[in-house]
Structure formats: C-alpha cells, structure tokens
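What follows is the residue order along each chain.
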Amino acid sequence: MSVKNLKSKKTEIRSRHKKLRESFPEDKKAEFDAAIAERFLGLSEYKSCDTLLAFVSKDIEVDTEEIINSAFKDGKRVAVPKCDTETTTIEFYEISSYDDLEQGFYGLLEPKKSCKKVENFDNSVCMVPGLVYDREGFRLGFGKGYYDRFLIDYSGVTVGVCYSRCIEKEIPRGFYDRPIGMVVTEKYIIDNRNL
C-alpha cells in the first residue's frame, strides 16, 4: 500500500471510529468505562508496578479518572504526558492529584510546570490511548504520532484501553508502527506479548 493510500485509509478508519464513539449513549459509555477500569486495575502488571504512565482522557476516550484515582490510593507514582508541539513528542511528569493539571495544547489537561519530570521508567506500566486497535495490538490514535515517538524507546509494559466495538481484525500499518503489549476492553483482554 502506498504512503498516500495508507494515510487515506487511516483517516477513514479514524473518522468512522470517532463517529462511533460519539454515538455511545452517556450511560452506556459510563458502563463501558467502569468495566475497562475494573479489568485494568485487576491486571497483575498494574498491581505489581511502581509507576503508572497514564493519560488524562478526552470526552470520546475511555475515561481514565477512576484508574488514575485508584493508582493514587494504591500508592503508585502517577505520571501524565505533556506535549511538545514543536518536536511532536511527549514527556511524562509526576502528579499527586488532579490539582496538578492545567489546560494545555489541544484542550488537554497537562501537568503544571511545577511538576517533576519522570526520567526513570523502571517497573512502570504505560496506559496507551487509541481510537481503534486491532487484534495484534496495533493502534490508530488521533494522528499526531506523540505516543508512537515515545514508545520507540520505552521498554516497560504497554496497555491500551479501548472499547470492544473499536477493535478491528486488522488495521493498516506503517513502517514505524509498533504493537501495544496488551489491550483492555470492557469485555476481554488481548495479550500479544508472547506472539
């Protein structure tokens, strides 16, 4: 598939899944989010990690608030990303509550400047956002490539959170696309780490 066709196909899939997510009734979405949080928090990988690299969710994403608040209660170090729009990269900063967040780029909540940058990712789990995943853990995000760049050098456990309706058999892949180790949905968990 040519680069142009790959880009076009990815755009079409993103658009379809955005519309699908926007169509979820509020109560159904809340039900799905709660089930995903329960499955995520039940993972042995989460239970044994010292640090959770989380993302602060937007409206159509899996709601991560319950997971983040549980990580605080569980005594985990919690870090969330800050975007650098010039280099299209993210860096993670430790937060101790939602009070450590402020409005950032793209309307996202990001860590305040006073937060400490995380340099050591030993024994961490990175929760990865995605609009759509496939059964082998490949994902399409919102198309900016921030997480793709970060994950190139990240060697910890990666866990995607996604609705089962947004899992496809296979999605188009580019040369730099890498699979996520596990994907948690409201119905099941996909574990691709030993494939």
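To be clear, the structure that these remarks concern was listed above.
Residues numbered from 1 in each chain as written. Predicted model: local features only at pLDDT ≥ 70, side-chain atom pairs only at ≥ 80, totals over all residues. Heavy atoms only, no water.

**With respect to the overall build of the chain**
So, step 1. Counting its regular elements, the chain contains five helices and twelve strands.
So, step 2. Its C-alpha atoms give the chain a radius of gyration of 16 Å, within 12% of the compact-globule value 16 Å for 195 residues.
So, step 3. Principal-axis analysis of the C-alpha atoms places the extent of the chain at approximately 45 × 35 × 35 Å.
So, step 4. Summarising the internal contacts of the chain: among those between residues at least 6 apart in sequence, 68% fall at separations of at least 24.
So, step 5. For the chain, the exposed area adds up to about 10500 Å²; of that, 48% sits on carbon and sulfur atoms.
So, step 6. Within the chain, one finds 32 positive and 34 negative side-chain charges whose respective centroids are separated by 6 Å. (Helix = DSSP H or I, 4+ residues; strand = E, 2+ residues; numbered from the N terminus. Rg over C-alpha atoms; globule rule 2.2 N^0.38 Å. Contact = heavy atoms within 4.5 Å. Areas by Shrake-Rupley, 256 points an atom, 1.4 Å probe, with all protein chains shown as cover. Lys, Arg positive; Asp, Glu negative; His and termini not counted. Charge placed at Lys NZ, Arg CZ, Asp CG, Glu CD.)

**Section: the packing of aromatic side chains**
So, step 1. Following the criterion strictly, the structure yields nine aromatic pairs and no others.
So, step 2. Ring geometry for Phe-32 against Tyr-163: centres 5.9 Å apart, planes inclined by 55°, an arrangement best described as tilted. Taken together, the positions of Phe-32 in helix H2 (residues 26-42) and Tyr-163 in the loop between strand E9 (157-161) and strand E10 (167-168) put the pair 131 residues apart, joining distant regions of the chain. You'll find Phe-32 and Tyr-163 in the same group, each marked buried.
So, step 3. With 4.9 Å between their ring centres and 55° between their planes, Phe-92 and Phe-150 make a pair best called tilted. Here Phe-92 is found in strand E3 (residues 89-95), whereas its partner Phe-150 is found in helix H5 (residues 146-151), with 58 residues between them in sequence.
So, step 4. On the accessibility criterion, Phe-150 (13% relative accessible area) is buried. (Phe/Tyr/Trp six-rings, centres within 6.5 Å; stacked < 30°, edge-to-face > 60°. Buried < 20%, exposed > 50% of the residue type's maximum accessible area, 1.4 Å probe, protein only.)

**Overview of a negative patch on the surface**
So, step 1. On the surface, a cluster of negative charge is contributed by Glu-38, Asp-63, Glu-65 and Glu-66.
So, step 2. Relative to the elements of secondary structure, Glu-66 occurs in helix H4 (residues 65-73).
So, step 3. Judged by relative accessible area, Glu-66 falls into the partly exposed class, the value being 42%. (Patch = residues over 30% accessible without salt bridge, like charges linked within 9 Å, V, L, I, M, F, W, Y side chains within 5 Å. Salt bridge = Lys/Arg side-chain N within 4 Å of Asp/Glu carboxyl O.)

**Concerning the sheet that holds strand E2 (residues 77-84)**
So, step 1. The strand order across the open sheet built from seven strands is E3-E2-E1-E6-E9-E11-E12, with neighbouring strands paired in mixed fashion. Either end of the sheet is taken by a strand with one partner, and the two such strands are E3 and strand E12 (189-191). Averaged over neighbouring strand pairs, the angle between their axes works out to 25° when direction is ignored.
So, step 2. Looking at chain direction, E9 and strand E11 (residues 182-184) are connected through three bridges and run parallel. Counterpart to Gly-160 in the pairing with E11 is Val-183.
So, step 3. Seen against the sheet, H4 touches strand E1 (51-53), E2, E3 and strand E6 (124-128) and runs at an angle of roughly 135° to E2. (Pairing = 2+ DSSP bridges. Axes fitted to C-alpha atoms, helices over the stretch in contact; angles between N-to-C directions.)

**Some words on the sheet that holds strand E8 (residues 139-140)**
So, step 1. Reading across the sheet, the three strands line up as E8-E7-E10 and stay open at both edges, with mixed pairing between neighbours. Sheet topology places E8 and E10 at the edges, where each strand pairs with a single neighbour.
So, step 2. In this sheet, E10 lies alongside strand E7 (residues 132-134) in parallel orientation, the contact comprising two bridges. Bridged to Asp-134 within E10 is Glu-168.

**Comments concerning the state of the cysteines**
So, step 1. All told, the structure shown has zero disulfides when counted by the stated rule.
So, step 2. Counting only cysteine sulfurs, Cys-83 is the nearest neighbor of Cys-115, a cysteine outside any disulfide, at a range of 14 Å. (Disulfide = S-S within 2.5 Å.)

**Topic: the pattern of salt bridges**
So, step 1. Counting across every chain of the model gives 13 salt bridges.
So, step 2. Here Arg-173 and Asp-134 are joined by a salt bridge, their closest N and O atoms 2.9 Å apart. One end of the pair, Arg-173, is in the loop between E10 and E11; the other, Asp-134, is in strand E7, and 39 residues separate them in sequence.
So, step 3. Look at Arg-173 and you get partly exposed, because its relative accessible area is 28%.
So, step 4. We classify Asp-134 as buried; its relative accessible area is 0%.
So, step 5. Note that Glu-170 is salt-bridged to Arg-173, the shortest N-O span being 3.8 Å.
So, step 6. Glu-170 gets classed as exposed once you look at its relative accessible area, which sits at 54%.
So, step 7. A single network of salt bridges, built from pairs that share partners, joins Lys-9, Glu-12, Arg-16 and Glu-168.

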